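As a plain string of letters, each chain reads:
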Amino acid sequence: MRVTILGCGASSGTPSIEAGWGRCDSNEPKNRRLRPSILVQSAATSILVDTSPDLRQQLLNANVKSLDGVVFTHAHADHLHGIDDLRGINRLMNANISAYGDAATFTAIRQRFDYILEPLSQGAQFYYKPTLTEHRIVNGETFHIGPIAVTCFEQNHGYGHTLGFRFDNFAYSTDLMALPDEAFDLLVGVKTWVIGAFTDHKHPTHASVDQALEWIDRVKPERAVLTHMSPRLDYRTLRSSLPDNVLPAYDGMVLDIP
């Protein structure tokens, strides 16, 4: 299995409109961050996690031509509002795309993008709009996209919750400030964990770097990668301060998962 980090920035991206480059060195290409999304692939299966507002550029960068499924962590704008760009994939595949998320996420999609979950008009000759097939999932459920088994687990996001996902030996956790014991139980044995670390200080809705490192020490993956980083976190500064088995993400980063 192979995982590509399509975007490792926070909701504002880096540089951001309000903070610019922040503490990040503008001369370091790995500090230029699109909004958060990843691509999980096996030999015959491609799964997109979240549809960030930068999705068009991300799909072009990764040369994505088809998807077997889209999995949503939650419905915040930085994880959802590029959903319209899936129309191009619909057209290339000439098919609907299966989408997986919890009830709250699909309620939000129906409120903001109701047309996406509706079928094409009878007799339509082409995909004139993005079209997803809804699959609701619940905390702790394991489902399959092609041959890939995916297990979801609930995460505390401060004023709400998100879903983390485990794909065999790989797990993805973003937008969280706490994890229940049940989630840690589902993470036992994971080899590579990509986890959100928003900033270098305590935050009401996101883990800090120190908090993420405490969780990594508890789960003990062979490798961990920090994502969803704000402009306060410079790539090289962070890289030099992390344990050997923990890396900061960068856009386009490819992780081979045994």
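Residues numbered from 1 in each chain as written. Predicted model: local features only at pLDDT ≥ 70, side-chain atom pairs only at ≥ 80, totals over all residues. Heavy atoms only, no water.

Naming follows an unreviewed UniProt entry, where the protein appears as Phosphoribosyl 1,2-cyclic phosphate phosphodiesterase of Varunaivibrio sulfuroxidans.

**Some points on the overall build of the protein**
Check the secondary structure of the protein and you find seven helices and 14 strands. Reported as C-alpha extents along the three principal axes, the dimensions of the protein are approximately 60 × 40 × 35 Å. Burial statistics for the protein: of 258 residues in total, 51% are counted as buried. Intrachain contacts of the protein at a sequence separation of at least 6 include 61% that bridge at least 24 residues. Surface summary for the protein: the accessible area is close to 11,300 Å², and the carbon and sulfur share equals 48%. Here the protein carries 23 positive and 29 negative side-chain charges, and the mean point of each set is 5 Å from the other. (Helix = DSSP H or I, 4+ residues; strand = E, 2+ residues; numbered from the N terminus. Buried < 20%, exposed > 50% of the residue type's maximum accessible area, 1.4 Å probe, protein only. Contact = heavy atoms within 4.5 Å. Areas by Shrake-Rupley, 256 points an atom, 1.4 Å probe, with all protein chains shown as cover. Lys, Arg positive; Asp, Glu negative; His and termini not counted. Charge placed at Lys NZ, Arg CZ, Asp CG, Glu CD.)

**Remarks on the side chain of T4**
Relative to the assigned elements, T4 resides in strand β1 (residues 2-7). Each residue touching T4, except ones within four places of it in the same chain, is listed here: S37, I38, L39, Q41, G252, M253 and V254.

**Notes on the nonpolar core**
Counting 50 residues, the largest nonpolar core has F165, F167, F170, W193 and L226 as its most contacted members. The element best represented in this core is helix α6 (residues 209-219), accounting for five residues. Core analysis: the next-biggest nonpolar cluster, separate from the first, contains 23 residues, L6, V70, F106 and L117 among them. (Core = buried A, V, L, I, M, F, W, Y, C linked by side-chain atoms within 4.5 Å.)

**Some points on helix α4 (residues 103-112)**
The complete set of buried residues in α4 reads T105, F106, A108 and I109. Looking straight down α4, one finds its buried side chains confined to an arc of 155 degrees; they lie on one side. (Arc of directions from axis to C-beta.)

**Some details on the packing of aromatic side chains**
Using the criterion set out here, one finds five aromatic pairs in the structure. For the pair F165 and F167, a centre-to-centre distance of 6.4 Å together with 45 degrees between the ring planes defines the contact as tilted. No difference in accessibility class separates F165 from F167, as the two residues are buried. Across from the ring centre of Y250, 4.4 Å away, lies the NZ or CZ of K30, which sits over that ring. Over the ring of F184 we find R218; its NZ or CZ atom is 3.8 Å from the centre of that ring. (Phe/Tyr/Trp six-rings, centres within 6.5 Å; stacked < 30°, edge-to-face > 60°. Lys NZ or Arg CZ within 6 Å of the ring centre and 35° of its normal.)

**A closer look at the environment of D234**
Here D234 shows up in the loop between β12 (223-227) and α7 (235-241). Among the residues examined, D234 registers a relative accessible area of 9% and is labelled buried. Between the C-alpha atom of D234 and that of F113, which follows or precedes it by 121 residues, the distance is 35 Å. A polar contact of 2.8 Å, which involves the side chain of D234, links it to the side chain of N31. (Polar contact = N/O pair within 3.5 Å; in protein donor to acceptor, adjacent residues only side chain to side chain.)

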